[in-house]
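# Fold and contact review
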Amino acid sequence: MASVSYRNVYKRWGDVIAVNDFNLEIEDKEFMVYVGPSGCGKSTSLRLLAGLEEISDGQILIGDRVVNDVPPKDRDIAMVFQSYALYPHMSVYDNMAFGLKLRKLPKADIDRRVKEAAETLGISQFLDRKPKALSGGQRQRVAVGRAIVRNPKVFLFDEPLSNLDAKLRVQTRAEISKLWQRLGTTFIYVTHDQVEAMTMATRIAVMKDGILQQCDTPTYLYDHPNNVFVAGFIGSPSMNFFDATLVEADGKVWVDGGTFRLEVPGKNTELAQKHKGKQVVFGIRPEDIHAREFIAPGIAPAYMDSTVDVVEMMGSEIFAYLLTGKKNFVARLDPRTRAHVGEALSLVVNMDNMHIFDPKTEQRLT
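Predicted model only: the values in this text are computed from it and were never measured.

## Notes on the overall build of the chain
Regarding its fold elements, the chain presents 9 helices and 20 strands. Its C-alpha atoms put the chain at 80 × 45 × 35 Å along the principal axes. Every one of the 366 residues in the chain was classed for burial, and the buried ones make up 49%. For the chain, contacts bridging at least 24 residues in sequence account for 66% of all contacts bridging at least 6. Total accessible area on the chain stands at roughly 17,300 Å², and carbon and sulfur atoms take up 48% of it. Averaged over its 46 positive side-chain charges, the chain has a centre that lies 7 Å from the centre of its 46 negative ones.

Shown next as structure tokens:
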């Protein structure tokens, strides 16, 4: 088992900086997820660790060993790719055993490792099949099994679920989480899907334009995003943002968005007082907006009028796309809510969970 350290790591291709001064400490046995939009540098960061790309500057350590110049085969890692990369002419057994045979391990040891991994992944009955006779989910398990048999210090996953359908993705996601608990090994996982990140990670590293924006537990990222980008990326549907001004009236502080005015409650009064008179970006999550007739208990309510633009019935909830003036936003409502396109809808906003950001720097105001 091993920790992983990135220390001032850069990756450049000519004038393009794909990874920019990346610093991150990943603890032994941690499940770390790199998340961000396409082109943010997350897969490149993983490939630098694997040795598949050369570091331009900085150091990467696995345990106490600097691995900048160590060949990939000697880094004691195993990687699972988005494409399964299975040999089509080999059986499942031979695909899983191939790397061990190259390392000239004893035949009995290879057989034991392959069968143990197959049992762990529930693919023992497929060992004699060729990859073409397997479903996408089964092929992905074979790819994971090929990594498991090596008993590496660190597992690397590069968007391994992207090729699976929605239902199978949820199932395989749970299987990978259980596998991490069972193996007790360091997992580093790359995805653009924040739902995968939130449900699997012990910590999430959010990246944008090659720069690490924030790294923390899923709960902390959700509740305390450092900036507008993290706030909008974490959570589904994403956070609503409004251009607003903090104003004082009647001895209270209000968020004035032009078409609405929301009272700031006692919990956030000190913060609002500190920035009163300033223009801010006001953020509120869809799950903190309720229809008046279904107010959640124990919240600090502020009232807001809207017009229904689009309604998506999800069964257990409603996603209502709404308008205040010309501004669009989304609310996650109780399924009993009567929301009809074109009609007015009176809302309650839970201001205990409000967020405010600087409109210039987009950093969280504290």
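## Here we look at the sheet that holds strand β2 (residues 16-26)
Read across the open sheet, the 4 strands follow the order β2-β1-β4-β5; overall the sheet is antiparallel. Strand pairing shows two members of the sheet lacking a second neighbour, β2 and β5 (65-66), which therefore form its edges. Here strand β1 (residues 4-13) pairs with β2 via 7 bridges, running antiparallel. By the bridge assignment for β2, W13 is matched with V16. Packed on one face of the sheet, helix α1 (residues 42-50) meets β1, β2 and β4 (57-62) and runs near 115° to β1.

## What to know about the nonpolar core
Among the nonpolar cores identified, the biggest contains 48 residues, and F31, M96, V114, F187, Y189 and V206 are the most heavily contacted of them. Setting aside anything within four residues of it in sequence, one finds F187 in contact with E30, F31, M32, F155, F157, I176, L179 and W180. In terms of nonpolar packing, the next biggest core, distinct from the first, is built from 30 residues, F242, M304, A331 and V349 among them.

## Things to note about the pairing of strand β6 (residues 77-80)
Working note: regular strand, side chains alternate between the two faces of the sheet. Residue alternation in β6 divides its side chains into two sets, I77 and M79 and A78 and V80, and both sets are buried. As paired elements, β6 and strand β7 (residues 154-158) share 4 bridges and run parallel to each other. Following the sheet pairing, I77 is matched in β7 by V154.

## Side note on unusual backbone geometry
The omega torsion across S236 and P237 is -5°, close enough to zero to call that bond cis. Within the secondary structure, P237 is located in the loop between α8 (228-233) and β11 (240-249). Positive phi values are uncommon outside glycine, yet K29 reaches one of about 70°. Secondary-structure assignment places K29 in the loop between β2 and β3 (31-35). Among the residues examined, K29 registers a relative accessible area of 45% and is labelled partly exposed.

## Topic: the pattern of salt bridges
For side chains bearing opposite charge, pairing can occur when the charged atoms are close. Counting across every chain of the model gives 17 salt bridges. Among the salt bridges present, the one from K252 reaches E263, with a minimum N-O distance of 3.8 Å. Residue K252 is found in strand β12 (residues 252-256), and its partner E263 is found in strand β13 (residues 261-263); the two are separated by 11 residues along the sequence. The partly exposed category is assigned to E263, whose relative accessible area is 30%. In this structure, R336 engages D334 in a salt bridge whose closest nitrogen and oxygen atoms are separated by 2.9 Å. Taking relative accessible area as the criterion, R336 reaches 57% and is therefore assigned exposed.

## What to know about the pairing of β3
Of all the 5 residues making up β3, 5 are buried; the element is thus mostly covered by neighbouring parts of the structure. Of the two faces of β3, the one carrying F31, V33 and V35 and the one carrying M32 and Y34 are both buried. Two strands pair when backbone bridges link them, and β3 and strand β8 (residues 186-191) are joined in this way by 5 bridges, in the parallel orientation. Within β8, the residue paired with V35 across the bridge is T191. Bridge count for β3 against strand β9 (residues 203-208) is 4 bridges, and the pairing is parallel. Residue pairing across strands places M32 opposite R203, the latter belonging to β9.

The rules behind the values
- Residues numbered from 1 in each chain as written.
- Predicted model: local features only at pLDDT ≥ 70, side-chain atom pairs only at ≥ 80, totals over all residues.
- Heavy atoms only, no water.
- Helix = DSSP H or I, 4+ residues; strand = E, 2+ residues; numbered from the N terminus.
- Buried < 20%, exposed > 50% of the residue type's maximum accessible area, 1.4 Å probe, protein only.
- Contact = heavy atoms within 4.5 Å.
- Areas by Shrake-Rupley, 256 points an atom, 1.4 Å probe, with all protein chains shown as cover.
- Lys, Arg positive; Asp, Glu negative; His and termini not counted.
- Charge placed at Lys NZ, Arg CZ, Asp CG, Glu CD.
- Pairing = 2+ DSSP bridges.
- Axes fitted to C-alpha atoms, helices over the stretch in contact; angles between N-to-C directions.
- Core = buried A, V, L, I, M, F, W, Y, C linked by side-chain atoms within 4.5 Å.
- Salt bridge = Lys/Arg side-chain N within 4 Å of Asp/Glu carboxyl O.

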